[in-house]
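Structural overview for review
Here is what each chain is made of, one letter per residue.
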Amino acid sequence: MQHSHASNGEPPQEGLMLCPQCDMLVALPPLTYGSKAVCPRCKTTLSARWEEPRKRPIGYALSALFMLLLANIFPFVNMRVAGIGNEIKLIQIPQVMVAEDYASMATLFMVFVQLIPAFCMLAIILLCARVRMPSRLKIWMAKVLFQFKTWCMVEIFLAGVLVSFVKLMAYGDIGVGTSFVPYCLFCLLQVRAFQCVDRRWLWQDIEPAPQITRPVTVGQAGIGQGLRSCSCCTAILPAEQLQCPRCHTHGHVRRQHSLQWTLALLFTSLILYVPAMLLPIMVTEALGNKMPSTVMAGVILLWGEGSYPVAMVIFIASIMVPTLKMVAIGWLCWDANRQGKPRADSERMHLIYEVVEFVGRWSMIDVFVIAVLSALVRMGQLMSIYPATGALLFAMVVILTMFAAMTFDPRLTWDRVNETIKKEPQGDGK
């Protein structure tokens, strides 16, 4: 895909956009098919233009839903140990966890791997196909679609399935069922459907953005011009206007109490992180002997068995990433309070923020590994695997750090870069 940077000419109003990451007012150039506009300051993608902007996402989303249906109907994976076999369907994974009194883990699996992805695909179809429905419902659906995008964890679950295969190869024969390939296709199709929906285009299609009634200067921060960007639909609004007339989302020039919320969530996740590492995340019962296993013990076991790549994946995703993510979020909050920073500092902190946002959800891989193992390994007295308290605590750590990254306002890292920007009293500022 080609990249286009903004020009500084006097643009039409509909071609203006405040960068959601650094607050710079950008004039979007006319985009050719297959190109995207990026912010000249922080390199964030602002808008993209796809060929067939309706048919493409509808096609991908419909195909994804069909594949998800197939993936739930037929057997997913199977295992044989000493002549005893077990076969599971996707839909049986939460049922097993509920039966073992782990309804919370079952809920996480159903919500992140089945319900949210299915809802998002349905929303893409309804919105892109312009299905007749009340405008309030349409606006609600668009708002939820982009908020739920981060919580679609289909590809992370698939990675967890592959890791659990490697873990189980030491105990018996592992096979994939009829629905495994449809599920892999569902994973690819839902990612592609999301890629083909441009937030700016979709909101313009639902309702045109409100007109800007004051003179504006391209290339300067919105906060210095008395402007703010709607956090939901990207409309440019006067700073004092708290409700967006297009999507009815309430907001402020900067997220209110952004740093306080981020730090509160960060400290809560730190408190839970210690028991999550020390308590067992799963229990393996073999011939009547119960063997509890912590996150680190699982990594050591895999390393000892010679599964070095998988041990590294689990170590990085479950130990390194959460630890570094918490350090990075704390660093971002500290940096946001510094006075008169050079631009290079803001660029570095923005890169750290983007990495934190991207990698955070991948820590859920260990939780999904336990979900697959506990559902598949049910061989009675011969061998069974159960989730333990540490798994739920670990899932909570991942979710809380994801929320912490969401409540942090990345524009705070850019606010003191240019001395030319008028310094307004920001409050705690969405």
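All of these numbers come straight from a predicted model, not from anything done at the bench. (Residues numbered from 1 in each chain as written. Predicted model: local features only at pLDDT ≥ 70, side-chain atom pairs only at ≥ 80, totals over all residues. Heavy atoms only, no water.)

A look at the nonpolar core
What counts here: Residues grouped as a nonpolar core are buried Ala, Val, Leu, Ile, Met, Phe, Trp, Tyr and Cys residues, joined through side-chain atoms within 4.5 Å. Exposure classes here rest on a 1.4 Å probe applied to the protein chains alone. A residue is buried below 20% of its type maximum, exposed above 50%, and partly exposed in between. The helix and strand labels rest on DSSP assignments: H or I over at least four residues marks a helix, E over at least two residues marks a strand, and numbering proceeds from the N terminus. Here, two residues are considered to be in contact whenever any of their heavy atoms come within 4.5 Å of each other.
One finds F112, F157 and Y183 to be the most contacted residues of the largest nonpolar core, which totals 120 residues. Ranked by residue count, the leading element in this core is helix 3 (residues 103-128), at 14 residues. Residues in contact with F157, not counting those within four places in the same chain, are F76, L90, I93, F109, V113, Y183, F368 and V372. In terms of nonpolar packing, the next biggest core, distinct from the first, is built from 12 residues, M17, C22, A37 and C42 among them.

Brief notes about the sheet that holds strand 7 (residues 84-88)
Convention followed: Between any two strands, at least two bridges found by DSSP are needed for them to pair. Inter-axis angles, ranging from 0 to 180 degrees, are taken between N-to-C directions of lines fitted to C-alpha atoms, where helices are fitted over the stretch in contact.
With respect to topology, 3 strands assemble into an open sheet ordered 7-6-8, the strand pairing being antiparallel. Taken across any chain shown, the strands that pair with only one partner, and hence form the sheet edges, are strand 7 and strand 8 (173-176). Taking the axes of each pair of neighbouring strands and ignoring which way they run, one obtains an average angle of 15° across the sheet. Here 5 bridges tie strand 6 (residues 77-81) to strand 7, and the two strands are oriented antiparallel to one another. Residue pairing for strand 7: V77 is matched across the bridge by I88.

Notes on the pattern of salt bridges
Selection criterion: Should a side-chain nitrogen of Lys or Arg be within 4 Å of a carboxyl oxygen of Asp or Glu, the pair is scored as a salt bridge.
All told, the structure shown has 5 salt bridges when counted by the stated rule. One salt bridge in this structure joins D23 and R254, with 2.9 Å as the shortest N-O distance. A residue pair is termed long-range when its members are at least 10 positions apart, and D23 in the loop between strand 2 (16-18) and strand 3 (25-27) and R254 in the loop between strand 10 (236-238) and helix 8 (258-278) qualify at 231 residues. Each member of the pair, D23 together with R254, is buried.

As for the sheet that holds strand 12 (residues 289-293)
Within a beta sheet, neighbouring strands are joined by backbone hydrogen bonds and run either parallel or antiparallel to one another. Pairing is antiparallel in the open sheet, where 3 strands are placed in the order 12-11-13. On the outer flanks of this sheet lie strand 12 and strand 13 (383-387), each paired with one strand and no other. Strand-to-strand twist of the sheet, defined as the mean angle between neighbouring strand axes without regard to direction, takes the value 20°.

Brief notes about the UniProt feature "transmembrane region" (unreviewed entry) in the protein
Under the convention used in this document: UniProt positions are given in the numbering used here, feature names are shortened, and annotations may be inferred rather than shown by experiment.
Here the UniProt-annotated "transmembrane region" (unreviewed entry) positions come out as residues 58-77, 106-129, 150-168, 174-194, 263-283, 310-334, 355-377 and 383-406. The distance separating the terminal C-alpha atoms of residues 310-334 is 35 Å; by composition the span is 100% helix and 0% strand.

Some details on the pairing of strand 5 (residues 45-49)
Sheet topology note: the strand 4 (residues 35-38)/strand 5 ladder contains 4 bridges and is antiparallel. For V38, the partnering residue across the bridge sits in strand 5 and is T45.

Thoughts on the layout of surface pockets
Going by this rule: For each structure, a 1 Å grid was placed over the protein atoms alone; sets of points admitting a 1.4 Å probe that cannot get out are labelled cavities, open sets with protein on both sides within 12 Å along at least five of seven lines are labelled pockets, and lining residues have an atom within 4 Å of a point. Grid points are joined across faces, edges and corners, and a volume is the space filled by probe spheres set on the points.
Taken as a whole, the second largest pocket holds about 370 Å³ of empty space. Surrounding the second largest pocket, 17 residues form its lining, L31, S47, A48, R49 and W201 being those nearest its centre. Those elements that place two or more of their residues in the lining of the second largest pocket are strand 5 and helix 7 (199-206).

Comments concerning the domain arrangement of the protein
How we decide: Each domain's extent was defined by an automatic or database domain assignment. Defined in terms of a 1.4 Å probe, buried area is the accessible area two parts forfeit on being brought together, summed over both. Polar contact is defined as a pair of N or O atoms within 3.5 Å, subject to the rule that within protein one atom must be able to donate a hydrogen and the other to accept it, and that residues adjacent in sequence are counted only when both atoms are side-chain atoms. Note on residue classes: Ala, Val, Leu, Ile, Met, Phe, Trp, Tyr, Cys and Pro are nonpolar, Asp, Glu, Lys and Arg are charged, and everything else, Gly too, is polar.
Here the protein is partitioned into domain 1 (14-49 + 208-246), domain 2 (53-185) and domain 3 (254-415). Facing the 11 residues of domain 1 at the interface are 10 residues of domain 3. For the pairing of domain 1 and domain 3, the buried interface totals around 850 Å² over both sides, and the portion due to carbon and sulfur atoms is 48%. On the surface where domain 1 and domain 3 come into contact, there are 2 residue pairs in polar contact (both at pLDDT 80 or more). Tallied by class, residues from the side of domain 1 that touches domain 3 come to 6 nonpolar, 3 polar and 2 charged.

Points about the packing of helix 3 against helix 6 (residues 180-195)
Keep this limit in mind: For classification purposes, angles smaller than 35 degrees are called roughly parallel, those larger than 145 roughly antiparallel, those between 65 and 115 roughly perpendicular, and all remaining angles oblique. Each helix crossing is assigned a hand: it is left-handed if the near helix lies turned anticlockwise from the far helix by less than a right angle, otherwise right-handed if that turn is clockwise.
The interhelical angle for the contact between helix 3 and helix 6, taken along N-to-C directions, is 45°, at an axis separation of 11 Å. In terms of orientation, helix 3 lies oblique with respect to helix 6. Here helix 3 runs over helix 6; the crossing is left-handed. Between helix 3 and helix 6, the residues in contact are V113, P117, C120, M121 and I124 and Y183, F186, Q190, A193 and F194, respectively. Counted by class, the contact of helix 3 with helix 6 contains 9 nonpolar, 1 polar and no charged residues.

What to know about helix 6
Rules: By definition here, a helix of n residues has an expected span of 1.5 Å times n minus one.
Its 16 residues give helix 6 an end-to-end C-alpha distance of 23 Å, which sits within 8% of 22 Å, the value for a rise of 1.5 Å per residue. Those residues of helix 6 that are buried are in contact with helix 1 (55-73), strand 6, helix 3, helix 4 (135-148), helix 5 (154-168) and strand 8.

Brief notes about the packing of aromatic side chains
Worth spelling out the cut-off: Side-chain rings of Phe, Tyr and Trp, where Trp is taken by its six-membered ring, are said to pair if the distance between their centres is within 6.5 Å; with planes under 30 degrees apart they count as stacked, over 60 as edge-to-face, and otherwise as tilted.
Taken as a whole and assessed by the stated rule, the structure comprises 13 aromatic pairs. Judged by centre distance (6.2 Å) and plane angle (20°), the rings of F76 and F157 are stacked. Remark: F157 occurs in helix 5 and F76 occurs in the loop between helix 1 and strand 6; sequence separation between them is 81 residues. Neither F76 nor F157 differs from the other in exposure class; each is buried. Ring geometry for F119 and W140: centres 5.9 Å apart, planes at 70°, overall edge-to-face. On the criterion of sequence distance, the pair formed by F119 in helix 3 and W140 in helix 4 is long-range, its members being 21 residues apart. A relative accessible area of 45% means that W140 is categorised as partly exposed. Aromatic rings pair up to connect F76, F109, F157, F165, F180, Y183, F186 and F368 into one cluster.

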